[in-house]
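Here are the chains, one letter per residue:
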Amino acid sequence: MKSHVQVAVIGGGVVGCSVLYHLTKLGWPEVVLIERSELTSGSTWHAAGGFHTLNADTNMAALQGYTIELYDELERISGQSCGLHHVGGLTIATSDERMDFLKAERAKHRYMGLETEIVGPDEIKRLSPITNVDGIIGALYDPLDGHLDPYGTTHAYARAARTQGAEIHLRNRVLELVPKPDGRWEVVTEQGTLKAEHVVNAAGLWAREVGEMAGIYIPCHPMEHQYLVTDDIPQVYEHGKELPHVMDPGGETYLRQEGRGLVLGIYEQPCELWAVQGTPWDFGHDLLPENLDRIAEPLEAAYRRYPCLESAGIKRIISGPFTFAPDGNPLIGPVPGLRNYWCAAAVMAGFSQGGGVGLALAQWMVEGEPSRDVFAMDVARFGDYCTRPYTRAKVRENYQRRFAVSYPNEELPAARPLVTTPAYGIWKAQNAVFGSGYGLEHVNYFAPPGEEPYEVPSFRRSNAFPVVAEECRAVRTAVGINEIHNFGKYEVTGPEAAVWLNRIMAGRIPREGRMVLTPMLSRKGRLIGDFTITRLGSERFQLTASYAAQAFHMRWFLAHLPSTGVALRNISLERIGFQIAGPQARELLARVTHEDVSGTALPFLSARQMDVGLVPALVCRVTYTGDLGYEIYVHRDHQLALYEALSTAGRDLGLRSFAMYAMMSLRLEKSFGAWMHEYRPDYTPAETGLDRFVNFAKNDFMGRDAAMAERDRPPERRLATFVVDAQDADAWGDEPIWKDGKVVGFVTSGGYAHYSGKSVALGLVPREMIEPETRVEIEILGERRPARLVTEPLLDPQGERMRA
Ligand SMILES: Cc1cc2nc3c(=O)[nH]c(=O)nc-3n(C[C@H](O)[C@H](O)[C@H](O)COP(=O)(O)OP(=O)(O)OC[C@H]3O[C@@H](n4cnc5c(N)ncnc54)[C@H](O)[C@@H]3O)c2cc1C
């Protein structure tokens, strides 16, 4: 074994081998993989080997597409067969909601270049004659679906990596990981110690244990999973050609052909967590005891769906564990708080996702960032709130919902409430309908008095629609109050604070008492944050950005923080408060403070410390609603006192609570983009219009070269606003935009702008299309709805309200 390497990949399952292969492919040959036993000794060896592209997240779906297309290349380079069966697959719908879901998926696939299609019961019967089509409305057919040999595929990755210079050490457990002051790791193994510049935790079932070796918790947990393999079935082998996969989400099963019989896998509701105390080191090529009682119900449904199963014997039952993150997506990337410790864990569909995970992680390590936005699988999408019990509750929920329809407006109930602000009780008393993001409870909207505070999940306009309209109207015509807890907040102080911010932010740094909006860019000029910077003193700043991006942003900040001169604190839960917005907002503020808050004394984008009611507060003249408004920040201990002052003073001004949905509606009629919708690492400043906040006069800031290049050569696509002739469903995000019978772009987010009374979509389209009144069609739930492009916000295009 070498004593020094660039990378030590820990774990020889399909994921570790894929990471190893991609590192060598991108030109890092000094890499080793260390495997405790033989390759495939975790979840990998007993997998059913199915692969598919379907994933609610478009970038995940694209990476799954990449994985599937990679197998031919792997076979070629390694000379090892992956045992590929490209048989195609059907995901069937037995309810209108699921059909809507499949249509929405199909629509996304159009601009992703995936050739899926919606088929009816006759076609389903033709493709899969063993399927009883009673009750089936239709299906999504994906020609890329198929299955493979897990053992052969893992070895193909390994061989291809070896061909390109990697080393693999088997029967050698990693025992300890010791961080060194120079950022390297001492990797203590059964066969000796080596120094690695980077380590990758690809330990699958043991990812938690290999995390603990570095003192961190990797939020994932193994679940038990069973599939049956049947004896030969005449209807199967007499069919003449291999049958396609059939996913029956309503029945919670997946089915494929295996030789002359079938494999039937089950995601059952009474599912079981495995190895709660930790994965035993002596577990390897082992199976778990089968439990037919647990899967009795879905089995019965499967016998009805595939009647030929009734006469078939069961050859074997495979019951094995595999690992999930709380939301079911992988955990990849640099682990926050550690240097050079990377994660490639919780990959629950190693044969659909393993290639994409390996590629993205290797790009991140070798090139500094992945080539596409991988936030959906970034380990930093979870933060400290993510405890072990939280993970377990969410993992179980996720397993149970593996085949559930995912509605865009759905809030999942497990492990809640987890994190709350002091105002939680106030909102609850007002009949709030809560959502949860990054562990924190936030209000989506307020249900009418006497009504159950529950939003019915739907692809169409929900029962929230009329009440959100009222909340919007209150803001635009009187004044609304809303909690500003959905911001991540950071305090940056010190003699070098301004210099540092100037370097990591692309925009201007404000003078004292002022605020600016600025993008934060990656080295390659991609958007990794849209920040508001408030300067509280010559050496004191408050930054605000997305609450859900806290670990993501802190990781970036800490990686670029100088060793002296700048102090950084995450104050997201410490400094909270409310925003008040609407034409009466100034009057309301004036009633609760003795300070002069007139337009001249406290103009737009200015900030001042003052007493509000009984408590000291930071008042910032800005709101995301696009109206006259203020964000008022206080210490969390003072939040209730602040509420008391504002609510009492606002009583006769028409003050009304409003929440997240209303805010998202109000920002749409202002064409304001939102983080992870319009602004995300897939896009650049010039594509999204954030270039207007880039200070090109600065001669040194992160991402400057890329931003300058874009200024000289504008990108091909650009963000635009559309007014959609929608019916009972608005665009949500990811819908294709059609022009002259071709897909020319896609929606980044959409919804109903209640005050303007219009359905609005924001989306990226070719820049030459950006002319007023350009006519397009936006495909919503399989239906192409007419839409027209508007080049000005629907409300107050000159911004007079917010500057009033
Ligand atoms: C019954 C069942 C059916 C499945 N069907 C499918 C399917 O059809 N399609 C699909 O895509 N996925 C399927 N899966 C999931 C799939 O198996 C996993 O996604 C995949 O195997 C994960 O691979 P991995 O490399 O991350 O982890 P693992 O396979 O668990 O590999 C981790 C490796 O790390 C090694 N290791 C751990 N700790 C150390 C250490 N300290 N030192 C050295 N080595 C170490 C282990 O020995 C092991 O070999 C199924 C899973 C189960 C249980």
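Here the structure is shown first, and the text comes after it.
Keep in mind it's a predicted model, so treat the numbers as computed, not measured.

**Q** I tried to follow the overall build of the protein on my own but got confused; where do I start?
**A** A count of helical and extended segments in the protein gives 20 helices and 37 strands. Relative to the 2.2 N^0.38 estimate, which gives 28 Å for 804 residues, the radius of gyration of the protein is 27 Å and therefore close to what a compact globule would have. Each of the three principal axes of the protein carries a C-alpha extent, and together these read 85 × 65 × 50 Å. For the protein, buried positions account for 61% of its 804 residues.

**Q** Explain the site of the ligand to me, please; I cannot follow it from the model alone.
**A** In the region of the ligand, 40 residues are neighbours, and E35, R36, T44, G50 and V347 sit closest. Side-chain polar atom of E35 to an oxygen atom of the ligand: 2.6 Å apart, as the coordinates give it. At a separation of 2.7 Å, an oxygen atom of the ligand approaches a polar side-chain atom of R36. For the ligand, the accessible surface in isolation is 1,000 Å², of which the surrounding protein chains cover 97%.

**Q** What is the right way to look at helix 10 (residues 388–400) in this model?
**A** The α-helix advances 3.6 residues per turn, and as a result positions three or four apart in sequence lie on the same side. Here helix 10 contains 13 residues, and its C-alpha end-to-end distance of 18 Å stays within 8% of the 18 Å for a straight helix at 1.5 Å per residue. As for helix 10, its buried residues are in contact with strand 12 (221–230), strand 15 (261–266) and strand 16 (314–324). The N-terminus of helix 10 is capped by T387, whose side-chain oxygen sits 3.1 Å from the backbone nitrogen of Y390.

**Q** Help me understand the packing of aromatic side chains, please; the structure alone is not making it clear to me.
**A** The description of an aromatic ring pair rests on the distance of the ring centres and on the angle between the ring planes. Taken as a whole, this structure holds 31 aromatic pairs when the rule is applied. Seen from their ring centres, Y267 and Y399 are 4.8 Å apart, and the 45° between their planes marks the pair as tilted. Of the two residues, Y267 sits in the loop between strand 15 and helix 8 (296–305) while Y399 sits in helix 10, which places them 132 residues apart along the sequence. Its relative accessible area of 0% is what places Y399 among the buried residues. On the basis of an interplanar angle of 75° and a centroid distance of 5.8 Å, the ring pair of F324 and Y399 is categorised as edge-to-face. Within this pair, whereas F324 is found in strand 16, its partner Y399 is found in helix 10, the two being separated by 75 residues in sequence. Considered together, F324 and Y399 belong to a single accessibility category, that of buried residues. Put simply, the rings of Y254, Y267, F322, F324, Y399 and F403 touch in pairs and so form one group of aromatic residues. It is R711 that lies over the ring of F696; its NZ or CZ is 4.5 Å from the centre. Sitting above the plane of the W738 ring, R784 keeps its charged end 3.5 Å from the centroid.

**Q** Looking at this structure, how should I read the side chain of E779?
**A** In this fold, E779 is placed in strand 36 (residues 775–780). Taking the relative accessible area as the measure of exposure, E779 reaches 3% and is therefore buried. Look past the residues within four positions of E779 in its chain and what remains in contact with it is A107, R110, E735, P736, W738 and R784.

**Q** Looking at this model, I keep getting lost on the pairing of strand 9 (residues 174–179). Mind explaining?
**A** One face of the sheet, then the other: side chains in a regular strand alternate in exactly this way. With 5 bridges joining them, strand 9 and strand 10 (residues 185–189) adopt antiparallel strand pairing. The partner of L177 across the bridge, within strand 10, is V187. Here strand 9 folds back onto strand 10, and the loop between the two strands holds 5 residues, one of which, G183, carries a positive phi near 95°.

**Q** What is the right way to look at the packing of helix 1 (residues 14–25) against helix 9 (residues 350–367) in this model?
**A** The relative placement of two packed helices is expressed as an angle between their axes plus a distance between the axes. Relative to each other, helix 1 and helix 9 sit at 40°, their axes nearing to 8 Å. The orientation of helix 1 with respect to helix 9, classified from their angle, is oblique. For the element pair helix 1 and helix 9, the recorded crossing hand is right-handed. For the pair formed by helix 1 and helix 9, the contact residues are V14, V15, S18, V19, H22 and L23 on the first element and G350, F351, G354, G355, V357, G358, L359, L361, A362, M365 and V366 on the second. A class-by-class count of the residues in the contact of helix 1 with helix 9 yields 11 nonpolar, 6 polar and no charged.

**Q** Before we go on, may I ask you to explain the side chain of T279 in this structure?
**A** By the element assignment, T279 lies in the loop between strand 15 and helix 8. The exposure class assigned to T279 is buried, which follows from its relative accessible area of 4%. If near-sequence neighbours (up to four positions away) are discounted, T279 is found in contact with L205, W206, R208, E209, P222 and W274.

**Q** What is the right way to read the nonpolar core from this model?
**A** Most often, soluble globular proteins keep nonpolar side chains buried together rather than apart. In terms of nonpolar packing, the biggest core is built from 89 residues, with L177, V187, M505 and F557 touching the most fellow members. If near-sequence neighbours (up to four positions away) are discounted, F557 is found in contact with Y490, W500, I504, M505, M520, F531, L543 and L568.

**Q** Before we go on, may I ask you to explain the sheet that holds strand 22 (residues 487–493) in this structure?
**A** Note on sheets: strands pair through backbone hydrogen bonds, and any given pair is parallel or antiparallel. The sheet built from 5 strands is open, its strands ordered 23-24-25-22-26 with antiparallel pairing. For this open sheet the edge positions go to strand 23 (515–521) and strand 26 (567–570), each flanked by a neighbour on one side alone. Ignoring strand direction, the axes of neighbouring strands in this sheet form an average angle of 25°. Judged from the 7 bridges that link them, strand 22 and strand 25 (residues 540–546) form a sheet pairing that is antiparallel. Its bridge partner lying in strand 25, V492 is registered against F541.

**Q** How should I be thinking about helix 19 (residues 704–712) in this particular structure?
**A** Taken as a whole, helix 19 has its buried residues at A707, M708 and E710. All buried residues of helix 19 lie within an arc of 160° about the axis, which places them on one face of the element. Opposite the packed face of helix 19, turned more than 90 degrees from it, sit the exposed residues D705 and D712. Each element contacted by the buried residues of helix 19 is listed here: strand 23 and helix 18 (685–688).

**Q** In this structure, what is going on with the sheet that holds strand 14 (residues 253–258)? I would like to understand it.
**A** Strand order in the open sheet made by the 8 strands is 5-6-4-13-14-15-12-16, with mixed pairing throughout. What marks the edges here is a single partner per strand, and that holds for strand 5 (117–119) and strand 16. Within the sheet, the average angular offset between the axes of one strand and its neighbour, ignoring direction, is 25°. Looking at chain direction, strand 4 (residues 89–93) and strand 6 (residues 138–142) are connected through 5 bridges and run antiparallel. Bridge pairing links I92 to A139 in strand 6. Set on the sheet, helix 8 makes contact with strand 4, strand 12, strand 13 (245–248), strand 14, strand 15 and strand 16; between it and strand 15 the angle comes to about 140°. Across the sheet, helix 10 touches strand 12, strand 15 and strand 16, and the angle it forms with strand 12 is around 25°.

**Q** For this particular structure, what's the right way to read the environment of I218?
**A** Its location among the elements puts I218 in the loop between helix 6 (207–212) and strand 12. With residues up to four places along the chain from it excluded, the contact list for I218 reads N201, A207, R208, G211, L331, V335, C343 and A345.

**Q** What am I meant to see in the environment of G577 here?
**A** For G577, the location among the structural elements is in strand 27 (residues 575–581). Take G577: its relative accessible area is 0%, and that puts it in the buried class. In this structure, the C-alpha to C-alpha distance between G577 and F434, residues 143 residues apart in sequence, is 17 Å. Each residue touching G577, except ones within four places of it in the same chain, is listed here: N482, E483, I484, I632, V634, Q639 and L642.

**Q** Sorry if this is basic, but what is going on with unusual backbone geometry here?
**A** Trans peptide bonds make up the majority, and among non-glycine residues the majority have a negative phi. In this model, R416 is joined to P417 through a cis peptide bond whose omega is -5°. Of note, the phi angle at E252 is positive, near 60°, even though the residue is not glycine. Within the secondary structure layout, E252 lies in the loop between strand 13 and strand 14. Residue E252 is classed as buried on the basis of its relative accessible area, which comes to 17%. One non-glycine residue with positive phi stands out, namely S671, at about 55°. When you line up the elements, S671 lands in the loop between helix 17 (660–668) and helix 18.

**Q** How should I be thinking about the pattern of salt bridges in this particular structure?
**A** Once their charged atoms are close, side chains differing in charge can pair, the charge on each being opposite to the other. If you walk through the whole model with that rule in mind, you get 45 salt bridges. For R667, the salt bridge is made with E678, and the minimal N-O distance between the two is 3.1 Å. Pair noted here: R667 is in helix 17 and E678 is in the loop between helix 17 and helix 18, with a separation of 11 residues, a long-range link. Relative accessible area serves as the criterion here: at 2%, R667 is assigned to the buried category. Residue classification places E678 among the buried residues on the basis of a relative accessible area of 0%. Among the ionic pairs, D725 bridges to R785, the shortest N-O distance being 3.9 Å. Of the two residues, D725 sits in the loop between strand 32 (717–724) and strand 33 (736–739) while R785 sits in strand 37 (residues 783–790), which places them 60 residues apart along the sequence.

The rules behind these values
Residues numbered from 1 in each chain as written. Predicted model: local features only at pLDDT ≥ 70, side-chain atom pairs only at ≥ 80, totals over all residues. Heavy atoms only, no water. Helix = DSSP H or I, 4+ residues; strand = E, 2+ residues; numbered from the N terminus. Rg over C-alpha atoms; globule rule 2.2 N^0.38 Å. Buried < 20%, exposed > 50% of the residue type's maximum accessible area, 1.4 Å probe, protein only. Near = heavy atom within 4 Å. Polar contact = N/O pair within 3.5 Å; in protein donor to acceptor, adjacent residues only side chain to side chain. Areas by Shrake-Rupley, 256 points an atom, 1.4 Å probe, with all protein chains shown as cover. Expected span 1.5 Å × (residues − 1). Contact = heavy atoms within 4.5 Å. Phe/Tyr/Trp six-rings, centres within 6.5 Å; stacked < 30°, edge-to-face > 60°. Lys NZ or Arg CZ within 6 Å of the ring centre and 35° of its normal. Pairing = 2+ DSSP bridges. Axes fitted to C-alpha atoms, helices over the stretch in contact; angles between N-to-C directions. Parallel < 35°, antiparallel > 145°, perpendicular 65-115°, else oblique. Left-handed = near helix turned anticlockwise from the far one by under 90°. Nonpolar A, V, L, I, M, F, W, Y, C, P; charged D, E, K, R; others polar. Core = buried A, V, L, I, M, F, W, Y, C linked by side-chain atoms within 4.5 Å. Arc of directions from axis to C-beta. Salt bridge = Lys/Arg side-chain N within 4 Å of Asp/Glu carboxyl O.

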